[in-house]
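Close look at the chain arrangement
Spelled out, the chains give:
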Amino acid sequence: MIAAAFAYFNYKFSEYKFIDFKEWVFYEKKDIFTPKQDKYVVIFYSSKERDVVEQLSEIELNLPVIAIDYYNEAFSNSKNTTFLRAGTKTSLSFIQRFNIYESPTIFFIKKHKESIYKQDSMIRKLDNLKELSKQVDLL
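A brief structural summary. (Residues numbered from 1 in each chain as written. Predicted model: local features only at pLDDT ≥ 70, side-chain atom pairs only at ≥ 80, totals over all residues. Heavy atoms only, no water.)

**Remarks on the pairing of strand E8 (residues 116-119)**
Convention followed: Paired strands, as defined in this entry, are two strands with at least two bridges between them according to DSSP. To qualify as a helix, a DSSP run of H or I must reach at least 4 residues; to qualify as a strand, a run of E must reach at least 2; elements of each kind are numbered from the N terminus.
As defined by bridge partners, strand E1 (residues 18-20) adjoins E8 across three bridges and the pair is classed as antiparallel. Counted as the bridge partner of Asp20 is Ile116 from E8. Where strand E7 (residues 105-113) and E8 come together, four bridges link them in antiparallel fashion. Along E8, the bridge assignment pairs Lys111 with Tyr117. The antiparallel hairpin formed by E7 and E8 contains two residues in its connecting segment, where Glu114 sits at a positive phi of about 30°.

**Here's the deal with the pattern of salt bridges**
The condition that has to hold: Salt bridges are counted wherever a side-chain nitrogen of Lys or Arg sits within 4 Å of a carboxyl oxygen of Asp or Glu. Burial classification: accessible surface area is computed with a 1.4 Å probe over protein chains only, and a residue below 20% of its type maximum counts as buried, one above 50% as exposed, and the rest as partly exposed.
Inspection of every chain in the model, using the stated rule, returns five salt bridges. The closest approach of N and O atoms between Arg50 and Asp51, which form a salt bridge, is 3.9 Å. Overall, Arg50 belongs to the exposed group, its relative accessible area being 74%. Measuring nitrogen to oxygen at the nearest pair gives 4.0 Å for the salt bridge that ties Lys110 to Asp120. A residue pair is termed long-range when its members are at least 10 positions apart, and Lys110 in strand E7 and Asp120 in the loop between E8 and strand E9 (124-125) qualify at ten residues. The class for Lys110 is partly exposed, based on a relative accessible area of 38%.

**Structural notes on the packing of aromatic side chains**
Note the cut-off: Side-chain rings of Phe, Tyr and Trp (the six-membered ring for Trp) are treated as a pair once their centres are within 6.5 Å; stacked means planes under 30 degrees apart, edge-to-face means over 60, and tilted covers the remaining angles. Only when the NZ of Lys or the CZ of Arg is both within 6 Å of the ring centre and within 35 degrees of the ring normal is a charge said to sit over the ring.
A full pass over the atoms with the stated rule returns 15 aromatic pairs. An angle of 70° between the planes, with centres 6.2 Å apart, marks the rings of Trp24 and Phe94 as edge-to-face. Note that Trp24 is positioned in the loop between E1 and strand E2 (26-28) and Phe94 in helix H3 (residues 88-97), a separation of 70 residues in sequence. The pair formed by Trp24 and Phe94 is uniform in burial state, with each residue classed as buried. Geometrically, the ring pair formed by Phe26 and Phe94 is edge-to-face, given 6.1 Å between the ring centres and 85° between the ring planes. With Phe26 in strand E2 and Phe94 in helix H3, this residue pair connects regions lying 68 residues apart in the sequence. Its relative accessible area of 1% is what places Phe26 among the buried residues. What makes Phe94 buried here is its relative accessible area of 1%. Taken together, the aromatic side chains of Phe21, Trp24, Phe26, Phe33, Tyr40, Phe44, Tyr70, Tyr71, Phe94, Phe98, Phe107 and Tyr117 make up a single cluster linked through ring pairs. A cation over a ring is seen here: Lys48 above Tyr71, with NZ or CZ 5.4 Å from the ring centre.

Below you can see the structure in the form of structure tokens.
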């Protein structure tokens, strides 16, 4: 019974992962990103894909969007989207922790403690940026 309880606890704890913004440094242009909201939509994308930056800039959702570029290009933030980039070590750690295999990918994070945010949804491939609001409702 103890083994079953331990296995269940490990499964539930590892089901959703955490981001510590003090441990992993992301940049908005040249400034270090410090989260201010309690919830975010995280989109991991490639700036080399056609029109993706323009589409991410025009997103209008109820939650703020953090867009993390695989190629670490610096873009100006828009009204609802914060464009982030990171060093190679942080990018690789992010990809590995969240098992990201495709681009663009989307999931939610929610503030857990201070600078620690917990994954708050499944990680999904984003099929169509133009229909993002519909896809966010499915998460």
